[in-house]
Amino acid sequence: MSATISSSLRTVAALSGRPGRRASQPGGNKRAVAQPLAASAVTEAPPAVISPAPPRPVVGAPRRRGGRGVDGGADELVAWKSVRQERWEGALEVEGNLPTWLDGTYLRNGPGLWDLGDYGFRHLFDGYATLVRVSFRDGQAVGAHRQIESEAYKAARQHGKVCYREFSEVPKPDGFMSFVGQMASLFSGNSLTDNSNTGVVRLGDGRVLCLTETVKGSIVIDPDTLDTVSKFEYEDKLGGLIHSAHPIVTDTEFWTLIPDLIRPGYVVARMEAGSNERQFVGRVDCRGGPAPGWVHSFPVTENYVVVPEMPLRYCAANLLRAEPTPLYKFQWHLESGSYMHVMCKASGKIVASVEVPPFVTFHFINAYEEKDEEGRVTAIIADCCEHNADTSILDNLRLHNLRAFTGEDVLTDARVGRFRIPLDGSPFGELEAALDPEEHGRGMDMCSINPAHLGKEYRYAYACGARRPCNFPNTLTKIDLVEKTAKNWHEEGAVPSEPFFVPRPGAVEEDDGVAISMVSAKDGSGYALVLDAKTFKEIARAKFPYGLPYGLHCCWVPRDK
Ligand SMILES: CC1=C(/C=C/C(C)=C/C=C/C(C)=C/C=C/C=C(C)/C=C/C=O)C(C)(C)CCC1
Ligand SMILES: [Fe+2]
């Protein structure tokens, strides 16, 4: 073994917190991961354009080849192209200086594989989950990616076709009886996907969980190897086929919302760290109909859970349809009204339920309690990435639109929507932009905050913003909610993903830390970008030897936890 490769092996083992393994060692799945990890050593893996064909060895960093969503080759943005192989791991070339306090693992989840043989998926949210890992230690970085082995992904790989109901894709029935069978399995939840392609969270007990909108799509992974460990089984009687893809997770607890499609409403549940049992806390009945509003996420304060009810509502009929509708599994019911409900965490009682202006949001940023001089809570402030009550963002995110940027400014506007929900019994709440959206180019989504401010007053939010013209958020933005200004990072032609805030250990100031984003660059390359969260200037980038597809949400696993 050459000196370079053996030292690279040692570096990777040290950075990933585990001994270097060889392909020849026993250990099931794990043995293929830790090959010598110079850029030329890649694990044996099937091509990402998954088909029933047997796996073929791949040497060198993943390359792209011809095909609808897979092509790319050199010099072409690969944000919307399928990842080329199931897994890779290797030392990354670092440009700049990584802070030495940055000691742990950044994980990102997202839909990274949109091609099944010759068939290309239509929507960003359909892709099979790809995890990306960057482990930092002593100013160095090791990167990896790997597909999550959900039942949906394994079945697609085995049969070469969609076998479960995805966001916009459904399995094609082979005949009438098979159609009847599909309907039956839809009602039991069997045909819903477990393609856990949305979020990744570190639970208080250290387990790392990948999540999506379906309850069965909760999957435990190993943050070091990116192995799919097991299904996360909820050991309770709360049931539910779908839930909020973003739970609220702290060191001690986990809060979730379970929409009730039969008797329109939401169940609020809490799970203690270390447990698999969700406890019923309370129920919110919807005020509008005919179904609950989509709850991709929700915010909490120290004492309250905020339950949003937006006019973009689940639609049972659309769940059954074989072809996607303009709003997929949802329908827009402006006439049904928009509401914000507030539930007391301790009692499960609703303390406010107000009508608000129409809104469309997927991601709440944070919420906190507004108090008067005597310290009494007068209102709840809840902030979200708000799409001006326009559902077109779902259309923006069709892969055809993402791949076809003509220079025209087609990304729909978004803002920081700030709700004020009075607790004095008033029937109405307010919704306004928290700052002039021009500050962040009228693009705003995929947000993070300093976790120490979760549910509390806060000043800074980090998100993807826009420099126009564009068809997708193409900047990173740090929003100062006090000064009502934003600092923006931009690289021409690049697509950055969620800037994830990691606090410096021992930090006192809210923005003392870094924001980490994975960037798909214009020339087809990809790198983890580390910005100083205070100045919002680049301090380092850790370059992958290949470009990675766009991804969604992230978490941080500190080394000593
Ligand atoms: C599979 C079923 C469903 C699945 C829904 C899924 C997978 C929804 C995923 C939603 C995501 C990832 C939303 C992200 C939004 C990001 C935005 C707006 C970014 C903007 C740009 O910066 C149901 C639909 C739940 C029905 C059952 C079956
Ligand atoms: Fe999300």
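Reading guide: rules and limits
- Residues numbered from 1 in each chain as written.
- Chains lettered and ligands numbered in written order.
- Predicted model: local features only at pLDDT ≥ 70, side-chain atom pairs only at ≥ 80, totals over all residues.
- Heavy atoms only, no water.
- Phe/Tyr/Trp six-rings, centres within 6.5 Å; stacked < 30°, edge-to-face > 60°.
- Helix = DSSP H or I, 4+ residues; strand = E, 2+ residues; numbered from the N terminus.
- Buried < 20%, exposed > 50% of the residue type's maximum accessible area, 1.4 Å probe, protein only.
- Pairing = 2+ DSSP bridges.
- Near = heavy atom within 4 Å.
- Nonpolar A, V, L, I, M, F, W, Y, C, P; charged D, E, K, R; others polar.
- Donors = N, O, S within 2.8 Å, 3.2 Å for Na, K, Ca; no water.
- Tetrahedral: all angles 85-135°; square planar, octahedral: opposite > 155°, others 65-115°.
- Contact = heavy atoms within 4.5 Å.
- Core = buried A, V, L, I, M, F, W, Y, C linked by side-chain atoms within 4.5 Å.
- UniProt positions renumbered as here; feature names shortened; annotations may be inferred.
- Polar contact = N/O pair within 3.5 Å; in protein donor to acceptor, adjacent residues only side chain to side chain.

Colleague: Please explain the packing of aromatic side chains as it appears in this structure.
Modeller: How two aromatic rings sit relative to each other is given by the distance of their centres and the angle of their planes. Across all of its chains, the model carries 22 aromatic pairs by this definition. Judged by centre distance (4.8 Å) and plane angle (35 degrees), the ring pair of F167 and Y328 falls under tilted. Note that F167 is positioned in the loop between α2 (151-159) and α3 (176-188) and Y328 in the loop between α4 (316-320) and β19 (330-332), a separation of 161 residues in sequence. Residues F167 and Y328 agree in their burial class; the two are buried. In textbook terms, an aromatic cluster arises when at least three aromatic residues are bridged by ring pairs, as seen for F125, F167, W294, Y314, Y328, F330 and F362.

Colleague: I keep staring at the sheet that holds strand β16 (residues 278-285) and nothing clicks. Help me out?
Modeller: Pairing between sheet strands relies on hydrogen bonds along the backbone, with the strands arranged either parallel or antiparallel. One open sheet accounts for four strands, arranged β13-β14-β15-β16; its pairing is antiparallel. A single partner strand is all that each edge strand has here, and the edge strands are β13 (248-249) and β16. Looking at chain direction, strand β14 (residues 253-260) and strand β15 (residues 265-272) are connected through eight bridges and run antiparallel. Paired with D260 across the bridge in β15 is G265.

Colleague: Just checking my understanding: could you explain the site of ligand 1 for this structure?
Modeller: Taken together, 22 residues lie around ligand 1, and F125, E213, K329, D445 and P473 are the ones closest in. Counted by class, the shell around ligand 1 contains 12 nonpolar, five polar and five charged residues.

Colleague: Would you mind showing me how to read the coordination of the iron ion (ligand 2) here?
Modeller: Each pair of donors in an ideal octahedron of six around a metal sits at 90 or 180 degrees, and each pair in an ideal tetrahedron of four sits at 109.5 degrees. Here the iron ion (ligand 2) is held by the protein donor atoms H246 (NE2), H296 (NE2), H363 (NE2) and H553 (NE2), which lie 2.1 to 2.2 Å from it. Coordination at the iron ion (ligand 2) is irregular: its four donor atoms span angles of 92 to 164 degrees at the metal. In the primary structure, the donors to the iron ion (ligand 2) are separated according to the pattern H-x49-H-x66-H-x189-H. With H246 in the loop between β12 (228-231) and β13 and H553 in the loop between β34 (538-544) and β35 (554-558), this residue pair connects regions lying 307 residues apart in the sequence.

Colleague: What is the right way to look at the environment of D126 in this model?
Modeller: Topologically, D126 is positioned in the loop between β6 (119-120) and β7 (128-137). Separated by 238 residues in sequence, D126 and F364 have C-alpha atoms that sit 22 Å apart. The residues contacting D126, other than those within four sequence positions of it, are W114, F121, E166, F167, S168, E169, N195 and N197.

Colleague: Any chance you could explain the nonpolar core here in plain terms?
Modeller: What tends to happen in soluble globular proteins is that the nonpolar side chains get buried as a cluster. By size, the foremost hydrophobic cluster in this structure holds 108 residues, and its most contacted members are F136, M340 and F419. Counting 17 residues, the second-largest nonpolar core is a separate cluster that includes I365, Y368, L435 and A461.

Colleague: What is the right way to read the environment of N303 from this model?
Modeller: Note that N303 resides in the loop between β16 and β17 (304-309). Overall, N303 belongs to the partly exposed group, its relative accessible area being 40%. Once the C-alpha coordinates of N303 and I262 are considered, the two residues, 41 residues apart in sequence, prove to be 29 Å apart. Not counting residues up to four positions away in its chain, the partners in contact with N303 are M343, C344, K345 and E369.

Colleague: Just to check I follow, could you spell out the UniProt feature "binding site: Fe cation" (unreviewed entry) in the protein chain for this structure?
Modeller: In the numbering adopted here, UniProt assigns the feature "binding site: Fe cation" (unreviewed entry) to H246, H296, H363 and H553. Taking the farthest pair of C-alpha atoms as the criterion, the annotated set spanning 308 residues converges on one region, since that pair is 12.6 Å apart. Along the chain, the position of H363 falls in strand β22 (residues 361-371). When near neighbours in sequence (up to four residues on either side) are disregarded, H363 contacts H246, H296, S297, C384, C385, D445, M446, C447 and H553. Within the local environment of H363, its side chain forms a polar contact with the side chain of H296, the two groups lying 3.1 Å apart. A polar contact of 3.1 Å, which involves the side chain of H553, links it to the side chain of H363.

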